[in-house]
Amino acid sequence: MEYVIGVDIGTTSVKTVLYDDKGQVKGYSNDLYTLYQDTADMAEEDPEEIFSAMLEGLNHVLEKADLKNGTLKGISYSCAMHSVICLDENYKPLTRAITWADNRAVKYADELKENGVGMELYKKTGVPTHPMSPLTKIMWLRNEKPEIFKKTRWFVGIKEYINYKLFGVLKEDYSIANATGLFNIFTMDWDPQALEVAGIKQDQLPDLVDTTYQFKGMKKHYAQMIGINPDTPFVIGASDGPLANLGVDAIQPGVVAVTIGTSGAVRVVTDKPTIDPKGRVFCYYLAKDMWVVGGPVNNGGIVFRWVRDQLCLPEKVTAEQMHIDAYDLLTEIAAKIPAGSDGLIFLPFLGGERAPIWDADARGTYFGLTRKHTRGHMIRAALEGIVYNLYTVMLALEEVVGDPKSIQATGGFARSELWRQMLADVFEQDVNIPESFEGTALGAAVLGMYSLGMIDSLYDVKNFVGVTNTHKPNPVNYEAYRELVPIYINLSRDLKPEYKSIATYQREHASEWNEEEN
């Protein structure tokens, strides 16, 4: 038997999954680390914590696995996009990893939007103008942290840093590079105009390689810590969004992947770079002749967590006393409320928003509250608001690539029957739920299998995904959503002028509120 490990370096944890050559899971580890949010708009991680978590995950999986009758062919990565770490001339971090969720570069994103340069760069890079992108983060560092910027020899992401530590070389795959806003998707190289806007030189960035590139010759002490041969190949892999499509077999034309984890996304694969004239969707590289077009949302499962922790403390305590999952209890309560929450609408912009409005200042809103509404309505409206927003991304995507042929849904939300049905009802389409475990890690493993010669094509993923369950739209429910979705869309547009005002107020008074809390 031959084995491969998919490593998914995410926003809050690294997931390590051991697969056999049939795609069956033979080992799993989920190792957490801290997301530091010390000040307003900050979202950072400690690169050393992530590196240690990855080593521990690999060691844990391999220690428990019985590989006596088989061979570990290789390890392959998925990684969250848009992180930035400044390294000095000795490759030592000058900063923590500034993640996609960090919004401190909002001022510079706004400048690029207002002067038209953002749209010029989008048409070459496929990355919408937003503070998530390393381009704007580097602009922020140059202007707000000049002492760090001047000392920086290299600008890298977390995957590049990890691989440098393991192998002593700096390489960056096309997929991660594509998400920086510094990479030209037509020339397949760093873009001169983007570099000029950022204020950096090409030799401050890693060398570019394809997503099938293999590292070999790991430093021996790390190989011993993990428990593998130092010559075990590590496939550089791709970014997490494109690999999520691969992991749920959504790589055929017109097959859409809808993902809701902490955040969420709607994505479809095309055979060439594709740009939206309105700049609403991204275009990211997966592999040769495979480009993933879609839109990410900041506010997925993290909104449900907020509802649990801030609105539903009594239910949370009850769930603990009953020894059941609080999310399951809240979902049961929401299921008793009719579709549409009796006219209560929630705009789920608790952390700004990316697609389709691309506004880091966007803020959450309950609209339509009356004395009739209960906490149950507020729970269901929050869940519906997440799906409404994903649907608006789908509408933008349809303008660019055409109507979807089918929808594959994945992510933590897919465990909830209510949420799956809600997705089918709002989208008015059959929603297929693949059985594949940790789809992004599976995508990384399949890309690794392809690089290592274990499979002939990425389309062989269909053999590994397993059975799919299908949810069909309920006519009673989608009639309600047909009336409410246009109101939701109008609200998100009408409130836009006020987002900046309220966000500015919140930033100006954040220090006062922090003092009161302390």
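Fair warning: this is a prediction, and the values are worked out from it, not measured in the lab.

## Notes on the side chain of T331
- When you line up the elements, T331 lands in helix α13 (residues 326–335).
- Apart from the residues lying within four places of it in its own chain, the contact partners of T331 are F304, S416 and L418.

## Regarding the pairing of strand β16 (residues 264–270)
- Burial analysis of β16 places seven of its seven residues in the buried class, the great majority of the element.
- The side-chain alternation of β16 yields two buried faces, one formed by G264, V266, V268 and T270 and the other by A265, R267 and V269.
- Remark: three residues form the turn of the hairpin made by strand β15 (residues 255–260) and β16, two consecutive strands paired antiparallel.
- Of the strand pairs in this sheet, β16 and strand β18 (residues 290–297) are connected by seven bridges, and their pairing is antiparallel. Residue pairing across strands places V266 opposite G295, the latter belonging to β18.

## Let's talk about the sheet that holds β18
- The strand order β17-β18-β16-β15-β21-β22-β23 describes an open sheet built from seven strands, whose pairing is mixed. The open sheet has two edge strands with one neighbour each: β17 (282–287) and β23 (468–471). Strand-to-strand, the axes of this sheet are offset by a mean angle of 30°, without reference to chain direction.
- Bridge count between strand β22 (residues 431–434) and β23: four bridges; the pairing is antiparallel. The residue of β23 that forms the bridge with V431 is H471.
- Each of β15, β21 (406–410), β22 and β23 is contacted by helix α15 (residues 417–427), which is oriented at about 55° to β23, the strand it contacts most.

## Digging into the nonpolar core
- Formed by 125 residues in total, the largest nonpolar core has its most connected members in F155, L182, I200, L246, L286 and F427.
- Sort the elements by how many residues they give to this core and helix α14 (residues 375–401) lands first, with 15 residues.
- Apart from residues lying up to four places away in sequence, I200 is in contact with I138, F149, F155, L182, L195 and L205.

## Re helix α4 (residues 134–144)
- The element α4 is largely enclosed, with a buried count of eight among its eleven residues.
- The complete set of buried residues in α4 reads P134, L135, T136, K137, I138, M139, W140 and L141.

## Side note on the sheet that holds strand β14 (residues 234–239)
- Read across the open sheet, the six strands follow the order β3-β2-β1-β5-β14-β13; overall the sheet is mixed. What marks the edges here is a single partner per strand, and that holds for β3 (25–32) and β13 (214–215).
- Summarising the sheet, strand β1 (residues 2–9) and strand β5 (residues 71–79) pair through eight bridges and their orientation is parallel. Note that in β5 the partner of V4 across the bridge is G74.
- Contacts from helix α16 (residues 439–451) reach β1, β2 (13–20), β5, β13 and β14, with the element oriented near 130° to β1.

## Some points on unusual backbone geometry
- Cis geometry marks the peptide bond from A355 to P356, where omega comes out at -5°.
- Of note, P356 is situated in the loop between β19 (345–347) and β20 (365–367).
- One non-glycine residue with positive phi stands out, namely D41, at about 75°.
- Tracing the backbone shows D41 in the loop between β3 and β4 (44–45).

## Describing the environment of V465
- Positionally, V465 belongs in the loop between α16 and β23.
- The class for V465 is buried, based on a relative accessible area of 6%.
- In this structure, the C-alpha to C-alpha distance between V465 and D249, residues 216 residues apart in sequence, is 6.9 Å.

## Details of the packing of aromatic side chains
- Considering all chains together, one arrives at 21 aromatic pairs under this definition.
- Centre to centre, the rings of Y213 and F215 are 5.2 Å apart; their planes meet at 85°, and the pair counts as edge-to-face.
- For Y213, a relative accessible area of 29% gives the class partly exposed.
- Taking 5.3 Å as the distance between ring centres and 70° as the angle between the ring planes, the aromatic pair formed by Y391 and F427 counts as edge-to-face. Taken together, the residues Y391 in helix α14 and F427 in helix α15 connect sequence positions 36 residues apart.
- Sitting over the face of the ring of W154, R153 holds its NZ or CZ atom 4.1 Å from the ring centroid.
- We note K219 situated over the ring of Y164; from NZ or CZ to the ring centre the distance is 5.6 Å.

## Let's talk about a nonpolar patch on the surface
- A surface patch of nonpolar side chains, about 230 Å² in accessible area, is lined by V25, Y28 and F437.
- Structurally, Y28 is set in strand β3.

Definitions and limits used
Residues numbered from 1 in each chain as written. Predicted model: local features only at pLDDT ≥ 70, side-chain atom pairs only at ≥ 80, totals over all residues. Heavy atoms only, no water. Helix = DSSP H or I, 4+ residues; strand = E, 2+ residues; numbered from the N terminus. Contact = heavy atoms within 4.5 Å. Buried < 20%, exposed > 50% of the residue type's maximum accessible area, 1.4 Å probe, protein only. Pairing = 2+ DSSP bridges. Axes fitted to C-alpha atoms, helices over the stretch in contact; angles between N-to-C directions. Core = buried A, V, L, I, M, F, W, Y, C linked by side-chain atoms within 4.5 Å. Phe/Tyr/Trp six-rings, centres within 6.5 Å; stacked < 30°, edge-to-face > 60°. Lys NZ or Arg CZ within 6 Å of the ring centre and 35° of its normal. Patch = residues over 30% accessible without salt bridge, like charges linked within 9 Å, V, L, I, M, F, W, Y side chains within 5 Å. Areas by Shrake-Rupley, 256 points an atom, 1.4 Å probe, with all protein chains shown as cover. Salt bridge = Lys/Arg side-chain N within 4 Å of Asp/Glu carboxyl O.

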